[in-house]
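# Coordinate inspection notes
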Amino acid sequence: DLLYETALGMYDFELCKAVARNSQKDPKVYLPMLAKLNSKPKLLAMLDVDLQLGRNESALKHLFDAKDLFGEDHFLKCLEMIEKYKLHHVG
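A short tour of the structure in this document, coming up.

## What to know about the overall build of the chain
Check the secondary structure of the chain and you find seven helices and zero strands. Its helices and strands in sequence order give the chain the pattern α-α-α-α-α-α-α, from N to C terminus. When the backbone C-alpha atoms are referred to their principal axes, the chain occupies close to 40 × 25 × 20 Å. Here the analysis covers contacts within the chain between residues at least 6 apart in sequence; of these, 45% occur between residues at least 24 apart. Total accessible area on the chain stands at roughly 6,100 Å², and carbon and sulfur atoms take up 56% of it. Looking at charge distribution, the chain has the averaged site of its 13 positive side-chain charges lying 4 Å from that of its 14 negative ones.

## Observations regarding the environment of His-89
Residue position: His-89 is located in the segment after helix H7 (74-84). Judged by relative accessible area, which is 59%, His-89 ranks as exposed. The spatial distance from the C-alpha of His-89 to the C-alpha of Glu-57 is 9.6 Å, given a sequence separation of 32 residues. Separated by 2.9 Å, the side chains of His-89 and Glu-57 make a polar contact.

## Let's talk about unusual backbone geometry
For Tyr-11, which is not a glycine, the phi torsion comes out positive at approximately 60 degrees. Note on placement: Tyr-11 falls in the loop between helix H1 (2-9) and helix H2 (13-21). Even without a glycine there, the phi angle at Lys-86 is positive, about 55 degrees.

Each value, and the rule that gives it
Residues numbered from 1 in each chain as written. Predicted model: local features only at pLDDT ≥ 70, side-chain atom pairs only at ≥ 80, totals over all residues. Heavy atoms only, no water. Helix = DSSP H or I, 4+ residues; strand = E, 2+ residues; numbered from the N terminus. Contact = heavy atoms within 4.5 Å. Areas by Shrake-Rupley, 256 points an atom, 1.4 Å probe, with all protein chains shown as cover. Lys, Arg positive; Asp, Glu negative; His and termini not counted. Charge placed at Lys NZ, Arg CZ, Asp CG, Glu CD. Buried < 20%, exposed > 50% of the residue type's maximum accessible area, 1.4 Å probe, protein only. Polar contact = N/O pair within 3.5 Å; in protein donor to acceptor, adjacent residues only side chain to side chain.

This is a description of form; function is not addressed.
Below you can see the structure in the form of structure tokens.
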């Protein structure tokens, strides 16, 4: 799992697929997730990965950088994440 999570954390979804294929991971679980991540804009995929891996500060930074994708809700989404994960020192 560590190697898979490392590949995922590098946002290299092809490497992630290769690692999962050569491990005990169930393709019914990882293939749909990787397909979903590949279908998203890069910043949103990075945001999802960071949240999944518990890298909340990095997720907030990716959310901030994705402001063009959220429109008027962007500021509120940032505030919600700051409150939810206690990221006041970052926000």
